[in-house]
Amino acid sequence: MKLSDVTTIKTHFEDADFWLIRRGSMHKVGQPVREYNPEHIGIKIERNDLLLPDYLYYWFMHIHSTKVWEQLANGTLKLVNIKVSDVRSIRMSPK
Amino acid sequence: MDKIPDIELPNIAAQQTIIFEQSTVEGIKQLKKNLKAKVIPGQKEINEDDYCHLHFVDNKSTWQAPHADIVGAYFRHFQQCFPEYDTDKKLAHLLCLSSDRRIREFKQGTRKVPYDVWRKFLVITGRAPQVITQVMCFVAR
């Protein structure tokens, strides 16, 4: 199962549960935030029976701290971005 | 996509436990960070000694809503110090109010600031400490 199977993920998404910084410094991209910005990648959980928004938020916080996004980001040294498709295709494994 | 690990998906109860743990960790981090907030000079628009101080009291039964002059002076001072909240709309959002009209009404004195809104503003500006509510139990769904 992919993350996109249980969520809606897109930019310009004010109604999302939270957002990931799509564009910015290498240090910032991929960081989850609670404040809306149309440039950010919005994530809204559609299957609350399977996945809680705050659980996913903290998961993204953890992933951001591991600097995974830095390996996937594209762009110049100062301004990089991550792809919506990379977020959508994250896989989920039931425990 | 092999660089991003899979999301481990435990059941909802386990997710809630993790959320409580993580939000507590984040809360403690934020409380410690709060202690290092910058110190800024107070407002100079009015002499606060000319007004009642009961708006500082953390007790709803004795608390009194601040005078409009206090509200206006405090809000304008905050908005000058923090340009990211330089409009009433942005300040309303920070204080979880539905519209900037409320802020204007508070400043003009046509509506009294509710206790919870004022308390939040006092906490944000370091004029009052935060009180953490005790969790007495976890009620299962």
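Residues numbered from 1 in each chain as written. Chains lettered and ligands numbered in written order. Predicted model: local features only at pLDDT ≥ 70, side-chain atom pairs only at ≥ 80, totals over all residues. Heavy atoms only, no water.

**Regarding the overall build of chain A**
A tally of helices and strands in chain A yields three helices and eight strands. Helices (α) and strands (β) of chain A occur, in sequence order from the N terminus, as β-β-β-β-β-α-α-β-β-α-β. Along the first, second and third principal axes, the C-alpha atoms of chain A reach 40 × 30 × 20 Å. Within chain A, buried positions represent 46% of all 95 residues. Partitioning the contacts of chain A with sequence separation of at least 6, the portion at a separation of at least 24 is 67%. Carbon and sulfur atoms provide 48% of the accessible area of chain A, an area that totals close to 5000 Å². With 14 positive and 11 negative side-chain charges, chain A shows a spacing of 7 Å between the two charge centroids. (Helix = DSSP H or I, 4+ residues; strand = E, 2+ residues; numbered from the N terminus. Buried < 20%, exposed > 50% of the residue type's maximum accessible area, 1.4 Å probe, protein only. Contact = heavy atoms within 4.5 Å. Areas by Shrake-Rupley, 256 points an atom, 1.4 Å probe, with all protein chains shown as cover. Lys, Arg positive; Asp, Glu negative; His and termini not counted. Charge placed at Lys NZ, Arg CZ, Asp CG, Glu CD.)

**Observations regarding the interface of chain B and chain A**
Between chain B and chain A, the residue contacts involve 17 residues of the former and 26 residues of the latter. Here chain B and chain A share an interface that buries about 2100 Å² over both sides, 72% of which is from carbon and sulfur atoms. Linking chain B to chain A there are zero salt bridges. Counting every contact that joins chain B to chain A gives six residue pairs in polar contact (both at pLDDT 80 or more). Elements with a minimum of two residues in the side of chain B that touches chain A: β1 (7-9) and α1 (12-34) of chain B. The element best represented in the side of chain B that touches chain A is α1(B), accounting for eight residues. Among the residues making up the side of chain B that touches chain A, the classes are represented as nine nonpolar, four polar and four charged. Of the strand pairs in this sheet, strand β8 (residues 92-94) of chain A and β1(B) are connected by three bridges, and their pairing is parallel. Each residue of the ladder has a partner; that of Ser93(A), found in β1(B), is Glu8(B). (Buried area = accessible area lost by both parts, 1.4 Å probe. Salt bridge = Lys/Arg side-chain N within 4 Å of Asp/Glu carboxyl O. Polar contact = N/O pair within 3.5 Å; in protein donor to acceptor, adjacent residues only side chain to side chain. Nonpolar A, V, L, I, M, F, W, Y, C, P; charged D, E, K, R; others polar. Pairing = 2+ DSSP bridges.)

**So, the sheet that holds strand β2 (residues 18-20) of chain A**
Residue and element names in this part refer to chain A. On the basis of which strands lie adjacent, the open sheet formed by four strands has the order β1-β5-β2-β4 and antiparallel pairing. The open sheet is flanked by β1 (7-10) and β4 (32-33), the only strands paired with a single partner. As paired elements, β2 and strand β5 (residues 41-45) share three bridges and run antiparallel to each other. Bridge pairing in β5 places Leu 20 opposite Ile 41.

**Re the pattern of salt bridges**
Evaluated as defined, the whole model comprises 14 salt bridges over all chains. A salt bridge links Arg22(A) to Glu39(A), with the nearest nitrogen and oxygen atoms 3.3 Å apart. Within this pair, whereas Arg22(A) is found in the loop between β2 and β3 (23-24), its partner Glu39(A) is found in the loop between β4 and β5, the two being separated by 17 residues in sequence. With a relative accessible area of 36%, Glu39(A) lands in the partly exposed category. Its salt-bridge partner being Arg102(B), residue Glu105(B) comes within 3.1 Å of it at the nearest N-O pair. Here Glu105(B) and its partner Arg102(B) are both found in helix α4 (residues 100-108), three residues apart, which amounts to about one turn of the helix.

**Brief notes about the confidence of the model for chain B**
Parts of the prediction with low pLDDT should not have their coordinates interpreted in detail. With 99% of its residues at a pLDDT of 70 or more, chain B shows a mean pLDDT of 94. Predicted complex, confidence summary: ipTM 0.90, pTM 0.80. (pLDDT = per-residue confidence, 0-100.)

**Some points on the packing of aromatic side chains**
With the rule as written, the count across this model stands at 14 aromatic pairs over all chains. Between Phe18(A) and Tyr57(A), the ring centres sit 5.3 Å apart and the planes meet at 90 degrees, which makes this aromatic pair edge-to-face. Pair noted here: Phe18(A) is in strand β2 and Tyr57(A) is in helix α1 (residues 53-65), with a separation of 39 residues, a long-range link. No difference in accessibility class separates Phe18(A) from Tyr57(A), as the two residues are buried. Measuring from centroid to centroid gives 5.0 Å for Phe78(B) and Phe82(B), while their planes differ by 35 degrees, and the two rings are tilted. A relative accessible area of 22% places Phe82(B) in the partly exposed class. Cluster of aromatic residues (ring-pair linked, three or more members): Tyr74(B), Phe75(B), Phe78(B), Phe82(B), Tyr85(B), Trp118(B) and Phe121(B). Between the NZ or CZ atom of Lys10(A) and the centre of the ring of Phe13(A), over which it lies, the distance is 4.8 Å. Seen from the ring of Tyr74(B), Arg127(B) lies directly overhead, with NZ or CZ sitting 3.7 Å from the centre. (Phe/Tyr/Trp six-rings, centres within 6.5 Å; stacked < 30°, edge-to-face > 60°. Lys NZ or Arg CZ within 6 Å of the ring centre and 35° of its normal.)

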